[in-house]
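Listed here are the chains, written in short residue letters.
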Amino acid sequence: MKYYSTNNPNQSASLSEAVMKGLAPDHGLYMPERIPVLSKEIIDKLPDMTFREIGYTVIETLFAEDLSKNQIQELVDHTLTFDAPIVKVEEDIFSLELFHGPTLAFKDFGARFCSKLMSMLVKEKSKVLRVLVATSGDTGSAVANGFLGVEGVEVIVLFPKGKVSKLQEMQFTTLGKNITALEIDGVFDDCQTLVKQAFLDEKLNHKLLLTSANSINIARWIPQCLYYFYAFSRLPKNGKKVVFSVPSGNFGNLGAGILAERMGLPIDHFLAATNINKVVPEYLKGAQFQAQPSISTISNSMDVGNPSNFTRLKALYAGDEKLFRRNVKGYFYTDQQTVKAIQQVKSKGYTLDPHGAVGYLGLKDFMQENPGFLGIFLETAHPGKFRDVVEEALGEKLVLPERLAAFLEREKKVIQMGKDFGEFKAFLEVLD
Ligand SMILES: *Cc1c(COP(=O)(O)O)cnc(C)c1O
């Protein structure tokens, strides 16, 4: 299968090129040239299959031309090491819990798949692959944990000193092995600039094999469709139509749901639920798409004013705005509404995180306007990851899951560095 650039359909790449480059040379996003469809017989059989069996079937349908059966099995086994259960929150409303992985957020799925696929693709090259990641928190932890112990790959995480929450920081500064954390005396943008400068430096790129594993990479994007298949197969539908509500920032997660639908999964509607960074909901209500500076909120992993995967959504609808706006409904909420949702749902016995709360609110509003649906929202992070916000909303302490608490006991190891490229370059130059 070839992958084309959303900026130019004639600009295409192999799977390996698309994964190693991340972004197309013309700065477009890669998309599969064709979307293969699963037969109705297979869709009907999903309820009898395990998560891994479903994963294998879907990944084989997409990657059979490029990977062997063994490679596909290895990829799926490495990715799906934890469950994504659905939990009933109230009548006809379910939570899809995507936070049972190592860093307690849905990004674990994409990061694990990406790491394994990169290590397979780099094997032929006999050089160590170095993944550079600038992070303001979540991406660094998901990528570092996804790549931990993966052969042939080293991860270098750059993070701004004092600007990342302690809990997030501990998830990528205590791992050791093939993960190195650089504490940069600057802000997030400085970290990102350093990474960009490294990619542009000819001498470095001649010597080292550098890549980025950022969130627009197809190897992080595509595997996110797997849990839509799995969740759909487990829902007690009883003839009802199904709507998925996706709390969104860069819109990769929502795009992966639409990919699942295009592959034959009969999802009736999607909801694009955001905080007040609402450019996509406004577009869906009929406005022009207009990027905005991002605004800080309590659901901060969705504070995105210029969502990078929007062009991917448009590509999935092949420019048919009418169909796009019919299938995907937009909703946005303030922090105050988000806090209220956390409180209300707690009284029903379920604890939401601020991102899941936004998804829940979208679902409630849609279902009020459209009776007779079965609704499911994606719970994208464990509430313990946003402990300050949730504890304040509920007026009680949260019990941190053991694997999150365990990070706090480990020893932090970082290399301190200024924001000047010379120092970073000198650090990279001595690697072999
Ligand atoms: C990254 C993230 C999101 C947003 O996902 P997109 O795919 O960028 O839309 C939502 N919730 C949490 C907890 C996240 O970490």
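To be clear, the structure that these remarks concern was listed above.
Just so you know, these numbers come straight off a predicted model, no measurement behind them.

About the thresholds
Residues numbered from 1 in each chain as written. Predicted model: local features only at pLDDT ≥ 70, side-chain atom pairs only at ≥ 80, totals over all residues. Heavy atoms only, no water. Helix = DSSP H or I, 4+ residues; strand = E, 2+ residues; numbered from the N terminus. Rg over C-alpha atoms; globule rule 2.2 N^0.38 Å. Buried < 20%, exposed > 50% of the residue type's maximum accessible area, 1.4 Å probe, protein only. Contact = heavy atoms within 4.5 Å. Areas by Shrake-Rupley, 256 points an atom, 1.4 Å probe, with all protein chains shown as cover. Lys, Arg positive; Asp, Glu negative; His and termini not counted. Charge placed at Lys NZ, Arg CZ, Asp CG, Glu CD. Phe/Tyr/Trp six-rings, centres within 6.5 Å; stacked < 30°, edge-to-face > 60°. Lys NZ or Arg CZ within 6 Å of the ring centre and 35° of its normal. Core = buried A, V, L, I, M, F, W, Y, C linked by side-chain atoms within 4.5 Å. Near = heavy atom within 4 Å. Polar contact = N/O pair within 3.5 Å; in protein donor to acceptor, adjacent residues only side chain to side chain. Nonpolar A, V, L, I, M, F, W, Y, C, P; charged D, E, K, R; others polar.

Visitor: Looking at this model, I keep getting lost on the overall build of the protein. Mind explaining?
Guide: Each helix and strand counted, the protein has 20 helices and 14 strands in total. Scaling as 2.2 N^0.38, a compact globule of 432 residues should have a C-alpha radius of gyration of about 22 Å, and the protein matches this with 21 Å. The dimensions of the protein, computed from C-alpha atoms along their principal axes, are 65 × 50 × 40 Å. In the protein, which comprises 432 residues, the share counted as buried stands at 57%. The long-range share in the protein, meaning contacts at least 24 apart out of those at least 6 apart in sequence, stands at 74%. With the model as given, the accessible surface of the protein reaches about 18,000 Å², and the carbon-plus-sulfur share is 49%. Each charge sign in the protein was given a centre, from 49 positive and 51 negative side chains, and these centres are 1 Å apart.

Visitor: Just checking my understanding: could you explain the packing of aromatic side chains for this structure?
Guide: Any two aromatic rings considered together are summarised by their centre-to-centre distance and by the angle between their planes. Enumeration according to the criterion identifies 18 aromatic pairs in this entry. With a centroid separation of 4.8 Å and 55° between ring planes, the pair formed by Phe82 and Phe109 is classed as tilted. Here Phe109 lies in helix H5 (residues 107-122) and Phe82 lies in the loop between helix H4 (69-79) and strand E4 (86-90), a separation of 27 residues in the sequence. For the pair Phe82 and Phe109, a shared accessibility class is recorded, and that class is buried. Pairwise contacts between aromatic rings join Phe51, Phe82, Phe109, Tyr227, Tyr228, Tyr230, Phe244 and Phe270 into one cluster. Over the ring of Trp221 we find Arg312, and its NZ or CZ is 4.6 Å from the ring centre. When the ring centre of Tyr283 is taken as origin, the NZ or CZ atom of Arg325, which lies over that ring, is 4.3 Å away.

Visitor: Just to check I follow, could you spell out unusual backbone geometry for this structure?
Guide: When glycine is set aside, most residues are seen to have a negative phi, and most peptide bonds are trans. Although it is not a glycine, His27 sits at a positive phi angle of roughly 70°. Structurally, His27 is set in the loop between helix H1 (15-21) and strand E3 (30-32). Assessed through its relative accessible area of 60%, His27 is described here as exposed. Here the phi dihedral of Leu104 falls at roughly 60°; this positive angle occurs in a residue that is not glycine. Tracing the sequence through the fold places Leu104 in the loop between strand E5 (93-97) and H5.

Visitor: How should I be thinking about the nonpolar core in this particular structure?
Guide: One recurring pattern in soluble globular proteins is that nonpolar side chains are buried together. Counting residues in hydrophobic clusters, the biggest one holds 100 residues, and the most contacted among them are Val131, Phe147, Tyr227, Tyr228, Phe229 and Phe244. It is H5 that provides the largest number of residues to this core, a total of eight residues. Not counting residues within four places of it along the chain, the set of residues in contact with Tyr227 comprises Phe51, Ala84, Leu96, Leu98, Phe106, Phe109, Asn253 and Leu378. Counting residues in each nonpolar core, the second largest holds 27 residues, with Ala273, Ala341, Leu363 and Phe366 among its members.

Visitor: Can you help me understand the site of the ligand in this one?
Guide: In the region of the ligand, 15 residues are neighbours, and Lys107, Gly249, Asn250, Phe251 and Thr380 sit closest. At 2.8 Å from an oxygen atom of the ligand is found a main-chain nitrogen or oxygen belonging to Gly249. One of the backbone N or O atoms of Phe251 is found 2.8 Å from an oxygen atom in the ligand. Classifying every residue of the shell around the ligand gives five nonpolar, eight polar and two charged.

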